[in-house]
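Remarks on the overall topology
Residue strings, one per chain:
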There are 2 protein chains.
Amino acid sequence: MARRLTAEQYTKGLLAGDRLVLSRAITLVESTLATDHALAQQVLGAVLPRTGRSVRIGITGVPGVGKSTFIEALGMYVVEQLGLRLAVLAIDPTSQRSGGSILGDKTRMQHLSAHANAYIRPSPAGRSLGGVARATREALLLCEAAGYDVIFVETVGVGQSETAVHGMVDFFLLLMLAGAGDELQGVKRGIMEMADAVVITKADSGNELAAKRARREYQGALHLFPLGSSGWAPVVRTCSALTGEGVPGVWEELQRYLEHARGNGYFERRRQEQNLQWLHHSIREALEERFYARPAVQQQLGAIREQVMRGEKSAFAAADELLDL
Amino acid sequence: MARRLTAEQYTKGLLAGDRLVLSRAITLVESTLATDHALAQQVLGAVLPRTGRSVRIGITGVPGVGKSTFIEALGMYVVEQLGLRLAVLAIDPTSQRSGGSILGDKTRMQHLSAHANAYIRPSPAGRSLGGVARATREALLLCEAAGYDVIFVETVGVGQSETAVHGMVDFFLLLMLAGAGDELQGVKRGIMEMADAVVITKADSGNELAAKRARREYQGALHLFPLGSSGWAPVVRTCSALTGEGVPGVWEELQRYLEHARGNGYFERRRQEQNLQWLHHSIREALEERFYARPAVQQQLGAIREQVMRGEKSAFAAADELLDL
Ligand SMILES: Nc1nc2c(ncn2[C@@H]2O[C@H](COP(=O)(O)OP(=O)(O)OP(=O)(O)O)[C@@H](O)[C@H]2O)c(=O)[nH]1
Ligand SMILES: Nc1nc2c(ncn2[C@@H]2O[C@H](COP(=O)(O)OP(=O)(O)OP(=O)(O)O)[C@@H](O)[C@H]2O)c(=O)[nH]1
Ligand SMILES: [Mg+2]
Ligand SMILES: [Mg+2]
């Protein structure tokens, strides 16, 4: 089999929903080779009219909170009970959990990963957050072209990657645990205010009451906070991904949200804004990449950063200096 | 009197704490003329070793919440009771409230604006947020060089300017009103999670109980949220800027914060990070400014944005196209 298909073969295979072609097309958008890049853009351009019809859901939470198990539970509900096609993507720029955790995910997504209507793709590894985010967003479009109705984009809620995910989804879901203790410290400040829904998971095995209490507390807290421009008041639910209790309720909230956001035009507006944001982000990243790659800049940057950090040189003077190089 | 002083005259005057020279130096950093820019950088470079010794406090809240009145009250406490020198700066990129509100501020900061140890400077007007933020940050350094011990940077909490202010201060204070009703809608989502302290103001004239209740609610809510990297748990206080009740309490919280943040090294670390952020922001802004000013880009951008927004062209392909122009 050829290492690469032609643009036409990719396009045809994608639109026919061929999983193997989808996988190879995602590998193509993940590639950093210039020739692959050109081909990938050709394919994306060709399938673009067939994208945009899925519901895009971001799922985040600290390591161990239960993301994989929750995705298995909600995912099985989506493919089995609702009969929809589901793709699961991930952004994990650290790629710390390369080998081990993909194995872990195979166990935790045992049924989903074997299901004909589910497509699971781990995060591209070994690149900058910008590169990973771009590849994931392009993979999302490819999945849509291949006919997936629902896309989950998973990320670990400890870094900058949630912001990237938030910028590519319609609905952003934060998983948490009852007992606002140490677990909380892992969630980055600011993530809470991006969430459209907070789900207190592991509400089982004697943990049910604590989860209910946490739900009440978070709901009360979120009520005090200003609404986002969607006009949607974030909701809090409990569930157990192990027993399945409460999992359909999370889906119901999503449906309520979609009705709300489609009703007031926010859904469409946000997608358009996201498109524009990606345009300007891409430009910014390319400009910065080129700038910081200049040999003169590379040579001086370290020393200048030191001076700026220590307050020996003003940030603006230093910027002028580097820009004049 | 010459329109411009020499670099040496500016420097000497600043270090001597001459208010007139300070005002003229701030006008200089606000100027968009290239010659002024070079001179301004020269002056800033010369006084830089004498900056950094003040406490920088950001103050935000929706229009009408009581920022000016609060600044008068807390400011008078700072200059009168504590005997410190205070400078008040502002970021207001909209500059909608040019004439009218500066007059308003003169009334609301009646005693402070007449006080020998207070220096009040309205926001530079008529430029982009980036330009205004840069000028304000440079003004802040000039005030420090002129010997001010405390700097307030005020902004209206409805746009992007709070993020800019947050990036130049040590302590960020959000003013709110009791009754989490419609007022709240004005505060942009995300601001709450930047606050080191929330102050419920106008706790007077029969509003005391509601303010106390709001304080309890917000304190409870904030406890559920993750700590920032300072490790500081945001506090909520009530006050009346009219009667002065609770105003010293706000200052006490600031002192507690400073002790905390200096104790764990966060204070110094954050200033260094802020310096670096300004460096990289400045570079980014300059790169983007130059890029979007290119005639070819200006000519095509509108049409390409439209196509991207409507999903007819992928954001990344469009970025490539513009970058290749
Ligand atoms: N009791 C109970 N345990 C759960 C539940 N969901 C997940 N777990 C357990 O919690 C542990 C972590 O679950 P994962 O799904 O791997 O968590 P994760 O968020 O994907 O973790 P990372 O992939 O490391 O970020 C596993 O031992 C799961 O069996 C639940 O609903 N109830
Ligand atoms: N009762 C009472 N009224 C207050 C208090 N603080 C401010 N006010 C009143 O609230 C109104 C708005 O106060 P300002 O201080 O101008 O509010 P601001 O936030 O600076 O408003 P902008 O400059 O428009 O953004 C004025 O009528 C003040 O007199 C207070 O503590 N108690
Ligand atoms: Mg996992
Ligand atoms: Mg005011």
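These remarks concern the structure in this document. (Residues numbered from 1 in each chain as written. Chains lettered and ligands numbered in written order. Predicted model: local features only at pLDDT ≥ 70, side-chain atom pairs only at ≥ 80, totals over all residues. Heavy atoms only, no water.)

**Quick word on the packing of helix α13 (residues 295–309) of chain A against helix α14 (residues 315–324) of chain A**
All names here are of chain A. Contact geometry for α13 and α14: axes closest at 11 Å, N-to-C directions at 170°. For the element pair α13 / α14, the angle class is roughly antiparallel. In this structure, α13 uses Val-297, Gln-300, Leu-301, Ile-304 and Val-308 to contact α14, whose residues at the interface are Ala-315, Ala-318, Glu-321 and Leu-322. The residue makeup of the contact of α13 with α14, split by class, is seven nonpolar, one polar and one charged. (Axes fitted to C-alpha atoms, helices over the stretch in contact; angles between N-to-C directions. Helix = DSSP H or I, 4+ residues; strand = E, 2+ residues; numbered from the N terminus. Parallel < 35°, antiparallel > 145°, perpendicular 65-115°, else oblique. Contact = heavy atoms within 4.5 Å. Nonpolar A, V, L, I, M, F, W, Y, C, P; charged D, E, K, R; others polar.)

**Points about the sheet that holds strand β3 (residues 118–120) of chain B**
All names here are of chain B. Pairing is parallel in the open sheet, where seven strands are placed in the order β3-β2-β4-β1-β5-β6-β7. Every interior strand has two partners, whereas the edge strands, β3 and β7 (235–238), have only one. Put simply, the sheet's adjacent strands are angled 20° from each other on average, direction ignored. Pairing between strand β6 (residues 197–200) and β7: four bridges, direction parallel. (Pairing = 2+ DSSP bridges.)

**Points about the site of ligand 1**
Residue and element names in this part refer to chain A. As a matter of local geometry, ligand 1 sits amid 16 residues, with Lys-67, Ser-68, Thr-69, Asp-204 and Ala-241 nearest to it. Here an oxygen atom of ligand 1 and a side-chain polar atom of Ser-68 are 2.8 Å apart. In the model, an oxygen atom of ligand 1 is placed 3.0 Å from a nitrogen or oxygen of the Arg-108 side chain. Burial of ligand 1 by the protein amounts to 78% of the accessible area it has alone, namely 650 Å². (Near = heavy atom within 4 Å. Polar contact = N/O pair within 3.5 Å; in protein donor to acceptor, adjacent residues only side chain to side chain. Areas by Shrake-Rupley, 256 points an atom, 1.4 Å probe, with all protein chains shown as cover.)

**Focus on the nonpolar core**
Formed by 146 residues in total, the largest nonpolar core has its most connected members in Leu142(A) and Leu142(B). Here Leu142(A) is in contact with Leu14(A), Leu22(A), Ala25(A), Ile26(A), Val29(A), Val43(A), Leu44(A) and Val47(A), once residues within four sequence places are set aside. If you look at the next biggest cluster of nonpolar residues, it comprises 38 residues, including Val62(A), Leu74(A), Met109(A) and Tyr257(A). (Core = buried A, V, L, I, M, F, W, Y, C linked by side-chain atoms within 4.5 Å. Buried < 20%, exposed > 50% of the residue type's maximum accessible area, 1.4 Å probe, protein only.)

**Concerning the pattern of salt bridges**
Per the stated rule, a full pass over the model turns up 22 salt bridges over all chains. A salt bridge links Arg284(A) to Glu288(B); its shortest N-O distance comes to 2.8 Å. Of this pair, Arg284(A) sits in helix α12 (residues 266–293) while Glu288(B) sits in helix α12 (residues 266–293), placing the two residues on different chains. For Glu288(B), a relative accessible area of 14% gives the class buried. Put simply, Glu312(A) and Arg310(A) hold a salt bridge, and the shortest N to O gap is 2.7 Å. Its relative accessible area of 47% is what places Arg310(A) among the partly exposed residues. Several salt bridges share partner residues, and in doing so they unite Arg237(A), Glu253(A) and Arg256(A) into one network. (Salt bridge = Lys/Arg side-chain N within 4 Å of Asp/Glu carboxyl O.)

**Observations concerning the relation of the copies chain A and chain B**
Rotating chain A by 180° about the axis while translating it 0.0 Å along that axis superimposes it on chain B, leaving an RMSD of 0.1 Å. The transformation just described matches what one would write down for a two-fold rotation axis. For chain A, the smallest separation between a C-alpha atom and the rotation axis is recorded for Ala221(A), amounting to 2.2 Å. Of all interface residues in chain A, 100% are interface residues in chain B too; the two copies therefore contact each other through one and the same surface. (Least-squares fit on C-alpha atoms with pLDDT ≥ 70 in both.)

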